[in-house]
Amino acid sequence: MHIHLLAVGNRMPRWVTDGYQEYAKRLPPECALRLTEIAPAPRGKHPEVARILREECVRLLSTLPHGCRAIALDVRGHAWTTEQLAVQLAGWMRDGRDLALLVGGPDGLAPECLARAEGRWSLSPLTLPHPLVRVVVAEQLYRAVSILKGHPYHRA
């Protein structure tokens, strides 16, 4: 199974790129993580948030690989423990389809993107900066895989 991290935003700070790559490279081939950056919609002094969200949604969904299970990262989603994420990941792997994780920009995801998703995952009830989400997702996926493989990385 390939995991596609489809994230609005580009030109990330080096710490984001380095942190994401550190955990992505640790994942085994059966859970390879691939990042696709989506250019954010232009924002002016008085941005039309609804228009911005629609434009970013169109861009996100246009990169969604055919047949993927889409999961939206959304504060109103399921807040799994790491152990529960490992169970979810094992189920997704058994399903055999690739997985696409949708990460919105500063304004989140459009209702159309949320509707397209088969589920929603909340990393935290806190509002996280969208660049940080990439690092947290990659680390949590690595941690979930380490649980499934009995690797000592997860010590909770």
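A. Focus on the nonpolar core. Counting residues in hydrophobic clusters, the biggest one holds 28 residues, and the most contacted among them are I3, L33, L89, L101, V137 and L141. Counting residues per element, the ones that place at least two in this core are strand 1 (2-8), helix 1 (14-26), strand 3 (69-78), helix 3 (82-95), strand 4 (99-103) and helix 5 (130-148). No other element matches the seven residues that helix 5 contributes to this core. Judged by nonpolar contacts, the second largest core, of 17 residues, contains V8, L53, A72 and A110.

B. Expanded view of the pattern of salt bridges. One pass over the full model with this rule turns up 16 salt bridges. Overlapping salt bridges, with partners in common, bring together R69, D95, R97 and E118 in one network.

C. Broad picture of the state of the cysteines. Per the counting criterion, the structure on display carries one disulfide. Here C57 pairs with C113 through a disulfide, and the sulfurs are 2.5 Å apart. Measuring the twist about the S-S bond at about 120°, one finds the C57-C113 disulfide to be right-handed. Pair noted here: C57 is in helix 2 (residues 49-63) and C113 is in helix 4 (residues 111-116), with a separation of 56 residues, a long-range link. You'll find C57 and C113 in the same group, each marked buried.

Conventions we followed
Residues numbered from 1 in each chain as written. Predicted model: local features only at pLDDT ≥ 70, side-chain atom pairs only at ≥ 80, totals over all residues. Heavy atoms only, no water. Core = buried A, V, L, I, M, F, W, Y, C linked by side-chain atoms within 4.5 Å. Buried < 20%, exposed > 50% of the residue type's maximum accessible area, 1.4 Å probe, protein only. Helix = DSSP H or I, 4+ residues; strand = E, 2+ residues; numbered from the N terminus. Salt bridge = Lys/Arg side-chain N within 4 Å of Asp/Glu carboxyl O. Disulfide = S-S within 2.5 Å.

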